[in-house]
Each structure stands twice: as C-alpha cells, then as structure tokens.
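Summary of the model geometry
Chain by chain, the residues run as shown.
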Amino acid sequence: MSDDPRVRVNVPRTKDQEFTAFVHDAGAYLYKTALLLSGDPYRAEELVQATFERTYRSWQKARHGEPRAYARRILLNLRIDGWRRTRAEVVSDVVPGRPVAGPAEDVAVRDEVVRALSRLPLTQRRVVVLRHLLDLTEEQTARELGIALGTVKSANARGIARLREIFEEGAR
C-alpha cells in the first residue's frame, strides 16, 4: 500500500469535454497541415473549422480509433473538394529571396516554402506535404489520398525535383 493519501478517481468525461480536449491537442497540427495544403492562412482557418465541425458530428466513431488521423483525413477531403470546385488556384509566381537574418527569418522561410508548395500541381503538393511535412510513409500517403503507391512515388519525386527548381530560381 502506498503512503500517498490522494486517491485517483477516473471520472468519465462527456462527449463535449473529450472533443474540447481533442481540439486543444490537435488544433495547431491541423492548422499547420491546412496552411501547407492551401497556402492561405484564412483558407486554412476555414478548413480547420470545417474539419472540427465534421469530426464533432462523427465523434463517436472518431474517438475509438485515431481521432487525429480521422480529422486529418477529413481535412484532406475538404481540401481536395475545394480543389475540385475551383480547379484554378490563384498563385503568386514570386518566391522571395533569402531573408535577412533576424527573428523574422523563420517566418520568411516558412512563407517561402508555402509559396513554393502552392506552385506544385495538386497531387504533387498533397504527396509532398504528407510525406515530408507530416512524416507519413509512402503506404500511409497512398491510403490517405486513395491513390496507388506508384503514383505516390512518382508524384513525390517530381514534386521534390520541382521544389528544387523553384528554390534555385528564387536564389538567383
């Protein structure tokens, strides 16, 4: 028996309490993912909000598995639906040069990466974000996007090659 007089009582949490904890835990991760996929902070916020709405409606299903993966899948589907609706993204062709050293350098580099990603074709962008920024395996990426493993490999190779070209253009 322990000398600790405190007793732990496991009080079941309500659906709302569980979901609120999930939002606090996964919010930044989902926002980062949405920002990398959309390239626009406002659109990213809208995607995350819509993701949370859909996840909440299916919380009974999501909470018993991997809620973060479930929400990420919803986020990807929402973004893919947006791409299908718009088909033509307005993208700036200007990739900023190397920022001046200082506290804003991280923000400038992140902005440069987001702009470069926005110049990739949709499939390449999705694959590169999932593989390299979210650290999913090729198999997980194929499953998340519903595409063949070979498509993931070729889109990844082409996307990385194109990013190198974009960054070299910006360095000139």
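Residues numbered from 1 in each chain as written. Predicted model: local features only at pLDDT ≥ 70, side-chain atom pairs only at ≥ 80, totals over all residues. Heavy atoms only, no water.

The next point concerns the pattern of salt bridges. By the definition in use, this model includes six salt bridges. Put simply, R119 and E169 hold a salt bridge, and the shortest N to O gap is 3.3 Å. Note that R119 is positioned in the loop between α5 (105-118) and α6 (122-133) and E169 in helix α8 (residues 149-171), a separation of 50 residues in sequence. For E169, a relative accessible area of 36% gives the class partly exposed. The partner of E169 in a salt bridge is R162, with the nearest N and O atoms 3.6 Å apart. Ionic contacts of the salt-bridge type, sharing partners, join the residues R119, R162, E165 and E169 into one network. (Salt bridge = Lys/Arg side-chain N within 4 Å of Asp/Glu carboxyl O. Helix = DSSP H or I, 4+ residues; strand = E, 2+ residues; numbered from the N terminus. Buried < 20%, exposed > 50% of the residue type's maximum accessible area, 1.4 Å probe, protein only.)

Attention now goes to the confidence of the model for the protein chain. Averaged over every residue, the pLDDT of the protein chain is 80; residues scoring 70 or more account for 77%. Within the protein chain, α5 has the poorest average pLDDT of any element, 78, and helix α2 (residues 41-57) the best, 92. Taken together, the stretch residues 87-100 has pLDDT below 50 and engages in 24 contacts with residues farther than four places along the chain or on a different chain. (pLDDT = per-residue confidence, 0-100. Contact = heavy atoms within 4.5 Å.)

With that settled, consider the packing of helix α1 (residues 15-38) against α2. Remark: α1 packs on α2, axes separated minimally by 8 Å, with the N-to-C direction vectors making an angle of 145°. In the packing of α1 onto α2, the handedness of the crossing is right-handed. Contact residues: K15, D16, F19, F22, V23, G27, L30, Y31, A34, L35 and S38 in α1; P41, R43, A44, E45, L47, V48, T51, F52, T55 and Y56 in α2. By residue class, the composition of the contact of α1 with α2 is 13 nonpolar, four polar and four charged. (Axes fitted to C-alpha atoms, helices over the stretch in contact; angles between N-to-C directions. Left-handed = near helix turned anticlockwise from the far one by under 90°. Nonpolar A, V, L, I, M, F, W, Y, C, P; charged D, E, K, R; others polar.)

An ideal rise of 1.5 Å per residue puts 16 Å on 12 residues; α6 measures up with 16 Å between its terminal C-alpha atoms. Here α6 has its buried residues at Q124, R125, R126, V127, V128, V129, L130 and R131. Looking one or two residues beyond α6, the residue adopting positive phi is D135, at roughly 55°. (Expected span 1.5 Å × (residues − 1).)

Inspection of the secondary structure assignment puts L120 in the loop between α5 and α6. Once the C-alpha coordinates of L120 and G159 are considered, the two residues, 39 residues apart in sequence, prove to be 6.6 Å apart. Every residue in contact with L120, bar those within four places of it in the chain, is listed here: R125, V128, G159, R162 and L163.

So, on to the nonpolar core. The biggest cluster of nonpolar side chains holds 37 residues, and the ones touching the most others in it are F22, L30 and L117. Of all the secondary structure elements, the ones that give two or more residues to this core are α1, α2, α3 (59-62), α4 (67-86), α5, α6, α7 (138-145) and α8. The element best represented in this core is α1, accounting for nine residues. (Core = buried A, V, L, I, M, F, W, Y, C linked by side-chain atoms within 4.5 Å.)

Taking 1.5 Å as the rise per residue, α1 with 24 residues should run 34 Å; its terminal C-alpha atoms sit only 30 Å apart, a clear shortfall. Taking the largest bend as the criterion, α1 deviates by roughly 50°, centred on A26. Residue G39 follows α1 closely and has a positive phi angle near 80°. (Bend = angle between axes of the 7 residues up to and from the residue.)

Attention now goes to the packing of aromatic side chains. The final tally for this structure, using the stated rule, is six aromatic pairs. Plain terms: the ring middles of F19 and F52 are 6.2 Å apart, the flat faces sit at 90° to each other, and that makes the pair edge-to-face. Remark: F52 occurs in helix α2 and F19 occurs in helix α1; sequence separation between them is 33 residues. F52 matches F19 in its accessibility class, with the two residues each being buried. Ring plane angle 70° and centroid distance 5.0 Å describe the contact between F19 and Y56, whose orientation is recorded as edge-to-face. (Phe/Tyr/Trp six-rings, centres within 6.5 Å; stacked < 30°, edge-to-face > 60°.)

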